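Spelled out from the first residue to the last, the chains are:
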Amino acid sequence: MEWANQLCENRQFGSKMTDSKYFTTTKKGEIFELKAELNSDKKEKKKEAVKKVIASMTVGKDVSALFPDVVNCMQTDNLELKKLVYLYLMNYAKSQPDMAIMAVNTFVKDCEDPNPLIRALAVRTMGCIRVDKITEYLCEPLRKCLKDEDPYVRKTAAVCVAKLHDINAQLVEDQGFLDTLKDLISDSNPMVVANAVAALSEIAESHPNSNLLDLNPQSINKLLTALNECTEWGQIFILDCLANYTPRDDRESQSICERVTPRLSHANSAVVLSAVKVLMKFMEMLPKDLDYYGTLLKKLAPPLVTLLSAEPELQYVALRNINLIVQKRPEILKHEMKVFFVKYNDPIYVKLEKLDIMIRLASQANIAQVLAELKEYATEVDVDFVRKAVRAIGRCAIKVEQSAERCVSTLLDLIQTKVNYVVQEAIVVIKDIFRKYPNKYESVIATLCENLDSLDEPEARAAMIWIVGEYAERIDNADELLESFLEGFHDESTQVQLQLLTAIVKLFLKKPTETQELVQQVLSLATQDSDNPDLRDRGYIYWRLLSTDPVAAKEVVLAEKPLISEETDLIEPTLLEELICHIGTLASVYHKPPSAFVEGSRGVMHKRLPARTGSGEGTESPDVGNVAGGSAPEAAPSIIPSQGDLLGDLLNLDLAPPTTTGPPPPTSGMQMGGMDLLGGGLDSLLGGDIGGSPAMGAGFGAAPAVMPASLNAPVGGGLGDLFDLGGGVGMPMGAYIPPKTVWLPAMKAKGLEISGTFARRAGVIQMELVLTNKAMSVMTDFAIQFNRNSFGLAPAGPLQVLTPLGPNQTIEVSLPLSTVGPVMKMDPLNNLQVAVKNNIDVFYFSCQYPISMLFVEDGKMERQVFLATWKDIPNDNESQFQIQDCHLNSDAASNKLQGSNIFTIAKRTVEGQDMLYMAIKLSNGIWVLAELKMQAGNPNYTISLKCRAPEVSQCVFQCYEAVLKN
Amino acid sequence: MIHSLFLVNSSGDIFLEKHWKSVVSRSVCDYFFEAQERASEPENVPPVIPTPHHYLISVLRHRIYFVAVIQSEVPPLFVIEFLHRVVDTFQDYFGVCTEAAIKDNVVVVYELLEEMLDNGFPLATESNILKELIKPPTILRTVVNTITGSTNVGEQLPTGQLSVVPWRRTGVKYTNNEAYFDVVEEIDAIIDKSGSTITAEIQGVIDACVKLTGMPDLTLSFMNPRLLDDVSFHPCVRFKRWEAERILSFIPPDGNFRLLSYHVSSQNLHPLRSASLVAIPVYVKHNITFREGSSQGRFELTLGPKQTMGKGVEAVLVSSQLPRGVLNTNLNPTQGTYTFDPVTKLLSWDVGKINPQKLPSLKGSMSLQAGASKPDENPTINIQFKIQQSALSGLKVNRLDMYGEKYKPFKGIKYMTKAGKFQVRT
């Protein structure tokens, strides 16, 4: 053996004197060889051996077999050797828990070492050994270290509490470490304060309701003092923590802003962005006429511009955030347009973001420059970028009216280049310009028509067809053009087919004499030869309309379209407010609320900007600030308390139509011309009071009765389709809808009875209410509001009760719901507290919704992902339930469940037992995985549910039961 | 916080991994590789990639991807800044940051990563402190260590870590006390076809190399501090003093550090005048044309000095990505050498110094694919240059004073202007 070591040594001296030698010993018996060296008497040899072990470990080789030998090297005065052994321990302790116990004594001893570096190192390492048995021994040394005289040890111990909490949260609470940690916020050393804040923030993330970071003016003051003196990383933690505070008044807000502003000049961009977050939030509270407000606005611009000269990755994150900031406060960067001009060697992800911001900043003052730039970009090489640049020109035209003409001529120039994808993109945006400025630029149609043949992308084809249909009266050969598209009708994408159908109907209504044949052809193609229900349904509607009442048809199909505006691509205001509170986080990069993508019901609090207080604008919903300030809502009561505080909580937004939504947003309206038919067109068809999809079902349901038999269409299937529409658009099987129950008895609500249920139709959650007036007087002015609830359900529009409700009258209303409202965990989880107002009073009730309402349509999962996720979720999170007395075979069950968005990923049959593996995705991004076992002939099924947020399992099980038994 | 770090080389192999919490399987990088495959160029891999249970945040430097894995909501800039700090540290320690250097020093790398982050929280990222904890490897030290059995790891608590000036270690001693400051400005500009400036801005930095004994307290003042209204400071700079007096007052870190970076755009240079007034040091006359139906294109390029404050323009390098249709070029430079890579279509011309009396030019023809239509895009010309002894913005240091120590230090200030992203559209 000695000989072998010698050889090894020689080889080392012969080669370069670097660590790479540790990679070269790949001979057989390597482990054996290392073992001998580790047990060598010579210190130096031991150290070399440990280094080799570490090197193997870094490249992923398994050297866990050497555990006892390495641990033996731990008792040493040599600091480097000690550190190396610690490194090894952290990596392998989990796989060798019993062995790891051997190391405990050394740790405890090291925690008493006179050298603070060793004490800190020991407590740090112990926290990294994620073995339950060891954590018990860790408590005493940790307690001492938290009170150590040396701040270096204290700050290390603070982080250790967070580590320990990650391993065993209960232990940390029982041992009172959280209180000690809170005390450290008042520590004299800024670094200790920063680490305590960081540790508490991390712990708080898994304890949304605990009041860990209790921020008050005193603690804020301490944080602000520490902010000036701690490291850059500490500054980030402290600033992020400050951002959660809501100042009492504008004066406090201003003083915090003043103390945070110097951070804008920090070299670390993360510090800068966190400071921007605090300022953007607290600025809300400052009166706009204050001088300081203007000063602050001016101070925000330079640091944001500076972020754009950093590395591209930093630029990307900065740009995503600037995108939010310019939507909230465009005045900050309105003079800085030029810094967003694209350099040709910027990475593509930077280019696209810059382009987006350029459009947001475009105004009459700078539009000439912007257009010149965009035109330049449109001749670049990168196809994606070029496309987006062309689109941007269109968006400029829509945003800045004065520029529209110039934009159109720029687009025409681009069409002249004949570069295929440029032409197609240009046509798509010109269609939008036509819609925004009708009857202004139609002179260019001829030029567009020249390019008809080169269009091969569905969107461009659809746009062109829309233009031809819309302006059929001005295009002499419109019928020929459309006919040419008709030849390959079945090869076109749905988008083009729908558009073609509408365009030809429009053409027919405009030039009925020459095009009768064409319209019949397209109607029969759409209704008889197509498998697409949307297409068939639209075909039938047109057919019936045309054959019963051509005048009405004209009114519907050629109705004036709502104008599109540039607002369509803006982020919805409430979401924007929330995102502004999350500047610098992942949420701000994805422009989604944190609850939408951070997995699990961490009970993410929705943050809101504080309200402006102080002079002048104090009237602006004064209690919103209150709500945002309460960082920890108390557990929800299961019975509704009488009025009082709930009133404030529930109704702080004044029961007028909720501020979160306006009329149905026009977003979808502009995607394709056809959409407006179903929205705008049907409005007039059905009496005008429908508004959106909710009542559509009813309208369709009634229609087939008057369908003329002369239509020659295969009425059977067709009628079925139409009826289907009432049930749920485009869904293979109806989702389970529980029967209506009485939620609010009349005697408790001064004569108003409310019963209802919940349904999910075409991806929209709906609350279906039946309001009955059992009182003697007429009821009017209905409005509805929800309390905060577990999944952020909130009305997506006002309660549509347009006519007064007379005595003994009943009305059915569908209320579309969104899931972006404020979140608070309820008990039971699916409890929903509702307030309904009418001209008489405000009434409260609570109801429970089936959680299946929240199962989203894209809940399918790849098999591999399913498998990996199943394994990844700890077994503790698994719960088992029995479903009794159910008589379905596995296919029927699977079909039934699919209707409620419970997707079967795989099926296995073992010894006559069918196992179905299923995945569900909730609207807040939680995945639930299920295994359903059913034995032929046995009416009792076993179901196992696995989920990162196990509290939902019970509700999910109830759903299964409800769906399968109905 | 930061869970794990994977280092990935340009061929897509993970050559180092480090976990600060529980071990995350390498397979998480598959999502990164997918994105890498989709990206047309290595630098186009998006910096934030979501996976079912983690987020991958990466930076690309020295052709190595540093991929951090995070699980909960962590500020992405924090992660990106930290990764850049890791790269800077490696470079500081090993001179270069390459796969080979990292593998050669794997144990030091591991020790460094362990010191830089604890459970995902940054611990020691200041180079001064790290160097006290872990000594950078040198050939001499390796030999000495091998013979005497001593180690790279410091025995003492790093003294700076807890003092009021955490960036400076105590007990610094030099025989020659010196403080050098380099004012380096990079000009980023986009010039359009006709030669007028679309945007021009200056990114400036003041890098310092301070080797002074004890605890010196320095002040640096400028002739024209008004220029600096968009600045980022090293933590050592006293912000209040700057706000009040426009003087930089600080206790410097020991050794090399970036004291200040600043940004000068057209607005703050001349509040009332337009962008074209940021001095543009060089001009380009160009004539690059393709004719429809001809297999030849014309290429003419002449460079000249513009507003250089009387200093010479040197180290000029012109590069341009020619359209794909260009097969080859036949050009004559009046000075310097030019190359054209027919595969990547990259033209580069190493000009050297610009002589105002005899302007350098590059003229000739380009051969195009026969029968192909004329290229759609116009090439952009990228120019690099240097101007010694002058800062383009006109920033000038007035004086440097030292307090708190008795000796007289040697002081020096150097100015330089470079081209950053200087692009001319044709």
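Residues numbered from 1 in each chain as written. Chains lettered and ligands numbered in written order. Predicted model: local features only at pLDDT ≥ 70, side-chain atom pairs only at ≥ 80, totals over all residues. Heavy atoms only, no water.

Digging into the interface of chain B and chain A
Here comes step 1: In this complex, chain B contributes 97 residues to the contact, which on the side of chain A involves 104 residues.
Here comes step 2: Between chain B and chain A, roughly 8,600 Å² of surface is buried when both sides are summed, and carbon and sulfur atoms account for 59% of that area.
Here comes step 3: For the pair chain B and chain A, the number of links is 10 salt bridges.
Here comes step 4: Put simply, E376(A) and K193(B) hold a salt bridge, and the shortest N to O gap is 3.9 Å.
Here comes step 5: For the side of chain B that touches chain A, the element with the most residues is helix α2 (residues 76-94) of chain B, which contributes 8 residues.
Here comes step 6: Taken together, the residues of the side of chain B that touches chain A break down into 43 nonpolar, 27 polar and 27 charged. (Contact = heavy atoms within 4.5 Å. Buried area = accessible area lost by both parts, 1.4 Å probe. Salt bridge = Lys/Arg side-chain N within 4 Å of Asp/Glu carboxyl O. Helix = DSSP H or I, 4+ residues; strand = E, 2+ residues; numbered from the N terminus. Nonpolar A, V, L, I, M, F, W, Y, C, P; charged D, E, K, R; others polar.)

Here's the deal with the packing of helix α29 (residues 494-510) of chain A against helix α32 (residues 550-557) of chain A
Axes are the key here: two packed helices are described by the angle between their axes and the distance separating the axes.
All names here are of chain A.
Here comes step 1: The interhelical angle for the contact between α29 and α32, taken along N-to-C directions, is 125 degrees, at an axis separation of 10 Å. Judged by the inter-axis angle, α29 sits oblique to α32. Seen from above, α29 lies across α32 with left-handed handedness. Where α29 abuts α32, its residues V505, K506 and L509 lie against P550, A553, K554 and V557.
Here comes step 2: For the contact of α29 with α32, the residue count by class is 5 nonpolar, no polar and 2 charged. (Axes fitted to C-alpha atoms, helices over the stretch in contact; angles between N-to-C directions. Parallel < 35°, antiparallel > 145°, perpendicular 65-115°, else oblique. Left-handed = near helix turned anticlockwise from the far one by under 90°.)

A closer look at helix α13 (residues 177-184) of chain A
For an α-helix, 3.6 residues make a turn, and residues three or four places apart therefore share a direction.
Residues and elements named next belong to chain A.
Here comes step 1: Turning to α13, its buried residues number three or more, namely F177, L178, T180, L181 and L184. Seen along its axis, α13 keeps its buried residues to an arc of 160 degrees; they face one direction.
Here comes step 2: In the core, the buried residues of α13 are packed alongside α10 (132-146), α11 (151-167), α12 (169-174) and α14 (190-206). (Buried < 20%, exposed > 50% of the residue type's maximum accessible area, 1.4 Å probe, protein only. Arc of directions from axis to C-beta.)

Let's talk about the pattern of salt bridges
Here comes step 1: Under the definition given, this model contains 55 salt bridges over all chains.
Here comes step 2: A salt bridge links D858(A) to K921(A); its shortest N-O distance comes to 3.6 Å. Taken together, the residues D858(A) in the loop between β8 (842-848) and α41 (863-872) and K921(A) in strand β11 (residues 913-921) connect sequence positions 63 residues apart.
Here comes step 3: The class for K921(A) is partly exposed, based on a relative accessible area of 21%.
Here comes step 4: Sharing partners across several salt bridges, the network here consists of K83(A), R124(A), K163(A), K18(B), E114(B), E115(B) and D118(B).

A few points about the packing of aromatic side chains
Residue and element names in this part refer to chain B.
Here comes step 1: The full count for this structure, using the stated rule, is 28 aromatic pairs over all chains.
Here comes step 2: A cation over a ring is seen here: K18 above Y110, with NZ or CZ 5.0 Å from the ring centre.
Here comes step 3: Lying over the aromatic face of Y415, K396 brings its terminal NZ or CZ to 5.5 Å of the ring centre. (Phe/Tyr/Trp six-rings, centres within 6.5 Å; stacked < 30°, edge-to-face > 60°. Lys NZ or Arg CZ within 6 Å of the ring centre and 35° of its normal.)

A look at the sheet that holds strand β4 (residues 55-61) of chain B
Residues and elements named next belong to chain B.
Here comes step 1: Sheet architecture is open: 5 strands sit in the order β2-β1-β5-β4-β3, paired in antiparallel fashion. Each edge of the open sheet is held by one strand with a lone partner, namely β2 (14-19) and β3 (48-50). Shown here is a sheet whose adjacent strand axes are inclined to one another by a mean of 20 degrees, direction ignored.
Here comes step 2: Here β3 pairs with β4 via 3 bridges, running antiparallel. Paired with P50 across the strands is Y55, a residue of β4.
Here comes step 3: Against the sheet, α2 contacts β1 (2-8), β4 and β5 (64-70), and its axis sits at roughly 40 degrees relative to β4. (Pairing = 2+ DSSP bridges.)

Comments concerning the nonpolar core
Taken as a class, soluble globular proteins show a tendency for nonpolar side chains to be buried jointly.
All names here are of chain B.
Here comes step 1: Ranked by internal contacts, the top residues of the largest apolar core, which has 280 residues, are F66 and F90.
Here comes step 2: Once residues lying within four places of it in the same chain are set aside, the contact partners of F66 are L5, F6, L7, I57, S58, V59, R61, L83, V86, V87, F90 and C97.
Here comes step 3: In terms of nonpolar packing, the next biggest core, distinct from the first, is built from 71 residues, L227, L228, L392 and L395 among them. (Core = buried A, V, L, I, M, F, W, Y, C linked by side-chain atoms within 4.5 Å.)

A few points about the confidence of the model for chain B
Here comes step 1: For chain B, the mean per-residue pLDDT works out to 85, and 91% of the residues sit at or above 70.
Here comes step 2: Helix α8 (residues 266-269) of chain B is the least confidently modelled element of chain B, averaging 50 in pLDDT, while β5(B) averages 94, the highest of any element. (pLDDT = per-residue confidence, 0-100.)

Thoughts on the sheet that holds strand β3 (residues 764-773) of chain A
All names here are of chain A.
Here comes step 1: Here we have 5 strands laid out as an open sheet, ordered β1-β2-β3-β6-β5, and antiparallel in their pairing. Strands with a single pairing partner mark the edges of an open sheet, and in this sheet they are β1 (741-744) and β5 (794-795).
Here comes step 2: As paired strands, β1 and strand β2 (residues 752-761) are joined by 3 bridges and run antiparallel to one another. The residue bridging T741 from the neighbouring strand is G756, located in β2.

Some words on the confidence of the model for chain A
Residues and elements named next belong to chain A.
Here comes step 1: Here chain A shows a mean pLDDT of 77. Residues at 70 or above account for 82%.
Here comes step 2: The element-level mean pLDDT for chain A is lowest in helix α39 (residues 696-702), coming to 37, with helix α20 (residues 312-328) highest at 94.
Here comes step 3: Counting interchain partners and residues more than four positions distant, the pLDDT-below-50 stretch residues 614-732 has 161 contacts.

Looking at the packing of helix α15 (residues 217-229) of chain A against helix α16 (residues 232-242) of chain A
Residues and elements named next belong to chain A.
Here comes step 1: For the pair α15 and α16, interaxial distance at closest approach is 10 Å and the crossing angle is 150 degrees. Comparing their axes, α16 and α15 come out roughly antiparallel. Note that α15 runs across α16; the crossing there is left-handed. Two secondary-structure elements touch here, α15 through I220, L223, L224, A226 and L227 and α16 through Q235, I238, L239, C241 and L242.
Here comes step 2: Among the residues forming the contact of α15 with α16, the class breakdown is 9 nonpolar, 1 polar and no charged.

Let's talk about the state of the cysteines
Here comes step 1: Per the stated rule, a full pass over the model turns up 0 disulfides over all chains.
Here comes step 2: We note that C145(A) lacks a disulfide partner, and the nearest cysteine sulfur, in C111(A), lies 4.5 Å from it. (Disulfide = S-S within 2.5 Å.)

So, a negative patch on the surface
Here comes step 1: Judged by side-chain charge, E480(A), E483(A), E487(A) and E517(A) come together as a negatively charged surface patch.
Here comes step 2: Residue position: E480(A) is located in helix α28 (residues 478-486). (Patch = residues over 30% accessible without salt bridge, like charges linked within 9 Å, V, L, I, M, F, W, Y side chains within 5 Å. Areas by Shrake-Rupley, 256 points an atom, 1.4 Å probe, with all protein chains shown as cover. Lys, Arg positive; Asp, Glu negative; His and termini not counted. Charge placed at Lys NZ, Arg CZ, Asp CG, Glu CD.)

Description of the pairing of strand β8 (residues 178-191) of chain B
Here comes step 1: Of all 14 residues making up β8(B), 10 are buried, and the element is well covered by its neighbours.
Here comes step 2: The antiparallel pairing of β8(B) with strand β9 (residues 197-211) of chain B creates a hairpin that spans 5 residues between the two strands, and G195(B) there sits at a positive phi of about 95 degrees.

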